[in-house]
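Structure assessment
Each chain is listed here by its residues.
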Amino acid sequence: MSNAESTLRRAESPSETLLHQTETLENISESVLSFDRIDAPNASDIGGKAAHLVMLKKAGLPVPSGYCVPISAHQQFLEHGKIPERLIEDITEAKRVLGGKIALRSSATCEDDSQLSMAGVFESLYLYDDRQIASGIEQIFQQARSRDVESFMALHGKSAGDVQMALVIQRLIEPELSGVIYTRVNGDKLLIQYIDGFGALLVDGTTRGSALIVDASGRIVESTGFEMRPFPRKAVVQVQHCTRVIEILFPDAAQDIEFTFRDGVVSIVQARPLTTDLGKVELRETPVECLEAHTKEKIRRLMAREKAELGTKTAVFSDANYSELLPKPTEMDVGLHMYVWGGSNGIPGAKQIGHSKMGYQVGPGAVPIISYLGGRPYSSIARYAAIYHAGFPETKEEYFSTLVNEYLEAIQTNPEKGAYPQMGLFLQDPTLEDLQARFGDRAEEYFRVYQEFTVRMRGFARDFITEFREKRLFSNAAFAETMGQADLEGMSCQQLLGHATAILEHIRTESNVDFVKAARLGFYYSQRLQGLLVQKLGHGREQAKKIFSKLNQGLDGSAITDANVAIAEAASDEEAMKIAPFLIGHFSTGEMLEIRHKRLRDDPEALRTYVTGIRQTGNYKQQFETQKAARLEAEGSLLTGLPEDDRIELREVIRASQTYMALRETVKYLFTKEYLLLRDALEVLGQKTNLENGDIYFLYPRELASLVADPSSMLHLIRARRQSFKNYEELAMPSVIRESDVDGISLASDSDVDFTEAAGKFLAEGPLVEGTIVNLDECENLDQAAALMRQYQALNVSVVLVATQMNLSHDPFIAQSAGLVIENAGIVAHGAQRARELGKGAIGGIKSKQLKTGMRVFFDPLKQIIRKLS
């Protein structure tokens with residue numbers, strides 16, 4: 001057993017088995033050699049890549065089984081102009097032995113050595129069909145003499161003739177994740193960059209992917225994109241073990257290692273020396289990455305998943321009124337709303353629970369309603385509609401294929417219908433004619449279903465107000481009083497977690513369910529009221545809205561109004577300040593449902609400002625009474641002269657609308673008192689887990705258990721989310737997002753603000769430059785780009801080269817430039833690798849269209865900024 005293998009086996013813990021045994025393969029022929037039968041791997045015979053893979057496999061590392069074809073086959077190909085006899089048949093047999101799917105890779109003699117890595121120069125091919133083998137061999141053999149490779153070698157003082165090509169044939173692993181590991185980053189840390197599926201898109205810059213920095217203890221200390229692609233703990237452990245062995249095998253240089261992860265196992269598919277120093281690496285998401293790789297990609301994934309799950313034709317997200325309730329939320333702000341109201345992690349919230357109790361047919365497709373997108377909370381219109389299924393049509397499948405698709409199509413035509421969909425978009429109060437137009441022969445059956453539903457709602461409206469006043473109000477108050485007496489400082493972190501969870505669960509299953517019921521009844525009867533104003537009284541829809549507004553002002557029974565009246569009517573300012581903490585101390589200094597903001601109780605100046613503002617009106621109660629009188633007058637005028645049956649029906653609907661719109665405010669007033677209790681617990685928990693002030697609000701409620709178990713494991717997420725929170729300010733997010741809108745979501749500054757300075761992310765170190773932009777995206781072809789480069793060279797002007805992404809054809813321009821800005825590039829992208837190998841400073845993550853050809857700029861790759869010069 002080798003020293004490397006012994007070291008690895010000693011390092012393994014009993015619960016984490018890294019090595020997975022692969023079969024021992026025999027040679028197919030003299031031209032197709034098994035990794036297992038090569039005793040002394042020599043790069044001059046089988047190329048650098050194959051030699052390294054054989055060494056790794058012999059050290060016991062999890063390298064996919066495979067074969068190599070020596071360079072003699074390439075020499076014969078060059079000499080005779082055709083693939084050597086029987087090579088295709090032999091590789092076809094190797095493919096069969098390896099399970100019918102293979103990766104065909106280059107293994108050049110000058111590849112993966114300590115002087116020249118040639119990372120990204122040659123392609124890897126994934127072959128599923130035997131008929132692809134011949135063309136795959138030719139493609140790799142011919143690429144060794146291509147113009148791109150010739151130019152690349154010339155930049156390093158070599159010729160294409162130095163490239164002697166062997167082939168690697170490996171069992172194809174179709175990965176869940178794949179990527180690149182860099183060792184010795186920022187000292188002794190690992191940098192892991194990875195994506196879903198195959199890693200080629202990461203290396204060529206097409207996809208940004210996600211990234212981690214892992215310290216020697218295995219702790220993730222920095223990350224970007226982790227939430228889009230969680231990296232399993234067992235994968236971190238395996239990566240650490242693998243890199244430890246590889247560094248023992250190749251101790252003279254830091255390593256650049258390619259890996260895959262599937263079915264719980266990391267496999268190493270390539271390892272080579274890192275030929276350039278990465279310098280100080282900091283993982284910092286840029287606004288462009290936040291937009292493209294974080295926000296847009298998340299939206300696309302959610303839309304695709306939703307359509308597949310629900311069977312709808314499209315997907316639409318709307319911020320409805322959430323932009324007012326949660327205008328600038330952190331993860332805890334929006335996560336709390338998801339937990340207690342809209343459902344999360346497959347667990348229903350109060351919205352689903354409340355609607356089920358009211359007789360709606362709520363299915364599993366209704367969770368989650370809310371998603372956090374671009375720094376804002378958005379509801380899924382389809383999932384929101386899922387909790388408004390009143391029994392027509394009969395099945396959930398038919399409901400989604402008919403009414404829900406109708407709602408989605410209506411928003412395609414008019415996005416404004418996505419705001420408050422429950423108040424106009426959803427078919428909640430249909431006429432028989434409405435149902436006949438949609439369901440034909442079953443319309444009368446469905447109309448009876450609807451009538452039965454209205455009877456249930458009427459009974460529910462009659463009973464719930466009594467239930468709330470006689471039972472719910474007191475039980476909720478008793479819970480709040482009990483929890484408010486807890487000694488938080490004397491609790492352990494685990495006890496604080498239990499305390500916080502108890503509050504969360506009470507809000508989710510009790511107090512917020514009361515809010516959902518009150519709000520649903522308020523909205524239901526408000527919609528019915530507007531419908532009656534149109535259908536029975538002949539008003540237009542706009543006029544009906546105005547009348548409805550008049551009928552719902554100055555409402556009795558709102559605890560918020562009552563609290564403000566009490567403050568306004570206090571005998572003195574001192575008396576007002578004395579009662580205010582009890583009446584409104586739980587009000588937020590920011591938005592009510594954003595829990596991170598201080599409450600008025602904890603901010604004396606804000607409390608005084610609130611109280612002073614109420615009292616300075618001088619006539620708060622009088623204003624309320626005036627509004628109330630106007631409401632009563634409008635109500636009386638509306639009912640006068642109506643036929644008795646119509647008057648009774650309209651009065652009943654008006655009363656229900658008023659009662660429950662007021663109760664909705666009261667219940668909100670009450671359940672946000674529990675928000676104060678929860679915030680107190682979060683503040684103490686944050687202190688006891690040694691988080692920085694405010695950090696706990698960058699976690700979701702369901703992540704608190706992980707925080708308590710291992711606070712340090714959450715720090716990288718908190719750092720990444722703090723950066724995203726800043727970046728969200730740069731995004732121009734629409735109120736309604738249809739599938740057709742996703743590509744057009746942009747940075748707010750794109751059209752509104754002239755470019756003056758932009759900050760990006762590190763790709764490569766280099767000198768400060770004052771120079772002129774050449775934007776390759778603006779060039780129609782390479783000739784035009786070359787002409788521009790010559791023009792500025794003739795003027796002795798330094799060029800900062802800009803592109804969305806860079807490929808091999810850009811190498812000459814990279815060599816001539818003084819620095820690079822690559823919009824779509826991570827540290828493993830081709831352009832970044834080329835910049836480092838050519839000693840050019842490079843910055844990624846800056847939107848290329850801001851940088852116009854001819855623009856004079858100051859370029860600082862150390863600080864990762866580029867500034868426009870006059």
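The structure we're discussing is the one just above.
Attention here is on the structure that accompanies the text. (Residues numbered from 1 in each chain as written. Predicted model: local features only at pLDDT ≥ 70, side-chain atom pairs only at ≥ 80, totals over all residues. Heavy atoms only, no water.)

**Some words on the packing of aromatic side chains**
The test is simple: In this scheme Phe, Tyr and Trp rings, the latter by its six-membered ring, pair at centre separations within 6.5 Å, and the angle between planes marks the pair as stacked below 30 degrees, edge-to-face above 60, and tilted otherwise. Strands are runs of DSSP state E lasting at least two residues, helices are runs of H or I lasting at least four, and both sets are numbered from the N terminus onward. Burial classes: relative accessible area under 20% of the type maximum marks a residue as buried, over 50% as exposed, and values in between as partly exposed (1.4 Å probe, protein chains only).
Across all of its chains, the model carries 26 aromatic pairs by this definition. Arranged with centres 6.0 Å apart and planes meeting at 70°, the rings of Tyr 384 and Phe 426 form a pair that is edge-to-face. In this pair, Tyr 384 sits in helix α13 (residues 381-385) while Phe 426 sits in the loop between α14 (396-413) and α15 (432-439), placing the two residues 42 residues apart along the sequence. Both rings, one in Phe 460 and one in Phe 464, keep their centres 6.1 Å apart while their planes meet at 15°; by these two values the pair is stacked. Separated by 4 residues within a single helix, Phe 460 and Phe 464 lie in helix α16 (residues 443-484), roughly one turn from each other. Of the residues examined, Phe 460 reaches a relative accessible area of 18% and is grouped as buried. The exposure class of Phe 464 is buried, given its relative accessible area of 1%.

**Considering helix α2 (residues 43-58)**
Side chains that are three or four residues apart share a direction in an α-helix, a result of its 3.6 residues per turn. Quick note on the threshold: The span one expects for a helix is its residue count, reduced by one, times 1.5 Å. We call two residues in contact whenever any of their non-hydrogen atoms come within 4.5 Å of each other.
Spanning 16 residues, α2 covers only 16 Å between terminal C-alpha atoms, well under the ideal 22 Å at 1.5 Å per step. For α2, the elements touching its buried residues are β2 (66-69), α3 (71-80), β3 (102-108), β5 (165-171), α8 (233-249) and β11 (265-273). Residue Gly 60 follows α2 closely and has a positive phi angle near 90°.

**Side note on α3**
The test is simple: Starting at the helix axis, one direction is taken to each C-beta atom, and the arc is that of these directions.
Every buried residue of α3 is listed here: Ile 71, Ala 73, His 74 and Phe 77. Taken down its axis, α3 places every buried residue within 155° of arc, on the same side. Exposed positions of α3 whose direction lies more than 90 degrees from the buried face are Glu 79 and His 80. On its buried side, α3 packs onto α2, β2, α4 (87-97), α5 (133-143) and β5. At the exit of α3 stands Gly 81, carrying a positive phi of roughly 75°.

**A closer look at the side chain of Thr 243**
The cut-off we apply is this: By the criterion applied in these results, polar contacts are pairs of N or O atoms within 3.5 Å in which, for protein atoms, one can donate a hydrogen and the other can accept it, and in which residues neighboring in sequence qualify only through two side-chain atoms.
Here Thr 243 shows up in helix α8. A distance of 3.0 Å separates a polar side-chain atom of Thr 243 from the backbone oxygen of Gln 240.

**Some thoughts on the pattern of salt bridges**
Our working rule: A pair is scored as a salt bridge if a Lys or Arg side-chain nitrogen falls within 4 Å of a carboxyl oxygen belonging to Asp or Glu.
Overall, the coordinates contain 52 salt bridges when judged by the stated rule. With a closest N to O distance of 3.1 Å, Arg 383 and Glu 309 form a salt bridge. Placement of Arg 383 in helix α13 and of Glu 309 in helix α9 (residues 287-310) is noted, with a sequence separation of 74 residues between them. Across the pair Glu 394 and Arg 442 runs a salt bridge whose closest N-O atoms are separated by 2.9 Å. Taken together, the positions of Glu 394 in the loop between α13 and α14 and Arg 442 in the loop between α15 and α16 put the pair 48 residues apart, joining distant regions of the chain. The partly exposed category is assigned to Arg 442, whose relative accessible area is 30%. Residues joined in a network through salt bridges with shared partners are Asp 429, Arg 528, Lys 536, Asp 646 and Glu 649.

**A look at the nonpolar core**
The tendency in soluble globular proteins is for nonpolar side chains to be buried side by side. Put simply, the test is: Take the buried residues of types Ala, Val, Leu, Ile, Met, Phe, Trp, Tyr and Cys, join any two whose side-chain atoms come within 4.5 Å, and each joined set is a nonpolar core.
Counting residues in hydrophobic clusters, the biggest one holds 171 residues, and the most contacted among them are Ile 192, Phe 231, Ile 268, Ile 299, Leu 521 and Ile 737. Broken down by element, this core gets its largest block of residues, 19 residues, from helix α17 (residues 493-535). When near neighbours in sequence (up to four residues on either side) are disregarded, Ile 268 contacts Leu 53, Leu 56, Pro 62, Val 63, Pro 64, Cys 242, Ile 246, Ile 257, Glu 258 and Phe 259. By size, the runner-up hydrophobic cluster in this structure holds 31 residues, among which are Leu 104, Ile 137, Ala 144 and Met 153.

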